[in-house]
Amino acid sequence: MVEQQRASIPPPVSLLAELTHRCPLQCPYCSNPLELERGGRELDTATWRRVLDEATALGVLQTHFSGGEPTARRDLVDLVRHAAGLGQYSNLITSGVLLDQAKLDALVEAGLDHLQLSIQDSRAGNADRIGGHRNGHAKKMALAALVRAAGLPLTINAVVHRQNLDHLPEIIDLAVELGAQRLEVAHVQYHGWALLNRAALMPTREQAEAAIELVRAARERLKGVLAIDYVVPDYYARYPKPCMGGWGRQNLNVTPSGKVLPCHAAETITSLSFDSVTERPLAEIWYHSAAFNAFRGTDWMPEPCRSCERRTVDFGGCRCQAFALAGRAEVTDPACSLSPLHGVLVETARAAAAGPSPAFVYRRFGATTGTATPELADAPS
Ligand code: SF4
Ligand code: FES
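Computed from a prediction, not measured in an experiment: that's the story for all the values here. (Residues numbered from 1 in each chain as written. Chains lettered and ligands numbered in written order. Predicted model: local features only at pLDDT ≥ 70, side-chain atom pairs only at ≥ 80, totals over all residues. Heavy atoms only, no water.)

Peer 1: Can you walk me through the sheet that holds strand 3 (residues 89–94) in this structure?
Peer 2: In a beta sheet, neighbouring strands pair by backbone hydrogen bonds and run either parallel or antiparallel. A sheet is described by the order of its strands in space; here nine strands give the open sequence 7-6-5-4-3-2-1-8-9, paired in mixed fashion. Where the open sheet ends on each side, the last strands, each with one partner, are strand 7 (227–231) and strand 9 (260–261). For strand 3 and strand 4 (residues 114–119), the ladder comprises four bridges, and the chain directions are parallel. Paired with Leu 92 across the two strands is Leu 115, which belongs to strand 4. Lying over the sheet, helix 3 (residues 76–85) contacts strand 2 (62–66) and strand 3, oriented at roughly 170 degrees with respect to strand 2. (Pairing = 2+ DSSP bridges. Helix = DSSP H or I, 4+ residues; strand = E, 2+ residues; numbered from the N terminus. Contact = heavy atoms within 4.5 Å. Axes fitted to C-alpha atoms, helices over the stretch in contact; angles between N-to-C directions.)

This is the structure in structure tokens:
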């Protein structure tokens, strides 16, 4: 029975190792949970090494070192070296503001394969305001030059929203100037911190549609120069994206204290509980934990997903978004136009984008507690 179950579940491809929730930036759309884990609860170096060993044995090929800000961990070079020794392709997802030449050299020497640098805007003043970190943009620009000089492949990640979307042409030009091979233009995903800040972040439908056309044209113009990935604005889409490539299908995420999640935002689903690498082996969690098996495959799906021909294309959309909006992770993602909640969602987006933009609730330890109330929970479904 156990072997049968294993045979039907492919191994994960990538591990998101969230080494810490500590971070010098305070982005109001952060995907970390509202209840951030303090430094004292972080896994130690030996446990992270064991996690990397177990992940490799399980079949993981790529490790993304992330956070918070992973360079806030003193043992990052050691962990990158350990991953390289295991044959992992390693990627550092960083805000860049804590890295200098010496630290970058040490990471390259340890075997780092790729660096993904987040930017908040193309314009320094607005970027620093959004990230809540003075001079952050200038430090990022300096780091990008060092990364390219070191010969390390560079991806720029830009989360876009109503307060920077009109600068998208400049953001694309900046990625080319910085010598990036890839640019990720990602619309905000509204759960956790981003849901708290939705009115300050939601673009209008016109802004979102203009961005789609702009990215299409830029892809054409920059073929062979810059690859552009685009994460669609869910609230204005007809169908949701296949979030995480499907729950428990390709990725696993280990939090700073060792909880193992099917998605970086899964802790926002408070109806689930998550096993820890401090209590169970990673393979056992991947194949047998209740949280990973909750939304695998298609058997869990309600209508309209159950009889929809797209159910193995988008897997019913995003579980975190379903929970954030409807209070139930098992319903069709309200971003889907076939969801009975979709009309309310579209109206919510329209109203948010049309209203004034309130001040950000910055992502900080202790800035807020608990979870946002699922606002569509009482809507008919
Ligand atoms: Fe995807 Fe479900 Fe919508 Fe069909 S009904 S498009 S499977 S979310
Ligand atoms: Fe968690 Fe979509 S963000 S499943």
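Peer 1: What is the right way to look at the side chain of His 137 in this model?
Peer 2: Positionally, His 137 belongs in helix 6 (residues 136–149). Residues within four places of His 137 in sequence aside, it is in contact with Asp 121, Ser 122, Ala 124, Ala 127, Asp 128 and Leu 174.

Peer 1: Even after reading the chapter, I still don't get the pairing of strand 8 (residues 251–254), so can you show me in this structure?
Peer 2: Residues in a regular strand project their side chains so that they alternate between the two faces of the sheet. Both faces of strand 8 are covered, namely the face carrying Asn 251 and Asn 253 and the face carrying Leu 252 and Val 254. Of the pairings in the sheet, the one linking strand 1 (residues 14–18) to strand 8 comprises four bridges and is parallel in character. Across the sheet, the residue bridging to Leu 15 is Leu 252, located in strand 8. For strand 8 and strand 9, the ladder comprises two bridges, and the chain directions are antiparallel. Residue pairing across strands places Val 254 opposite Val 260, the latter belonging to strand 9. Hairpin connection between strand 8 and strand 9: a loop of five residues separates the two successive antiparallel strands, and Gly 258 in this loop has a positive phi of roughly 110 degrees. (Buried < 20%, exposed > 50% of the residue type's maximum accessible area, 1.4 Å probe, protein only.)

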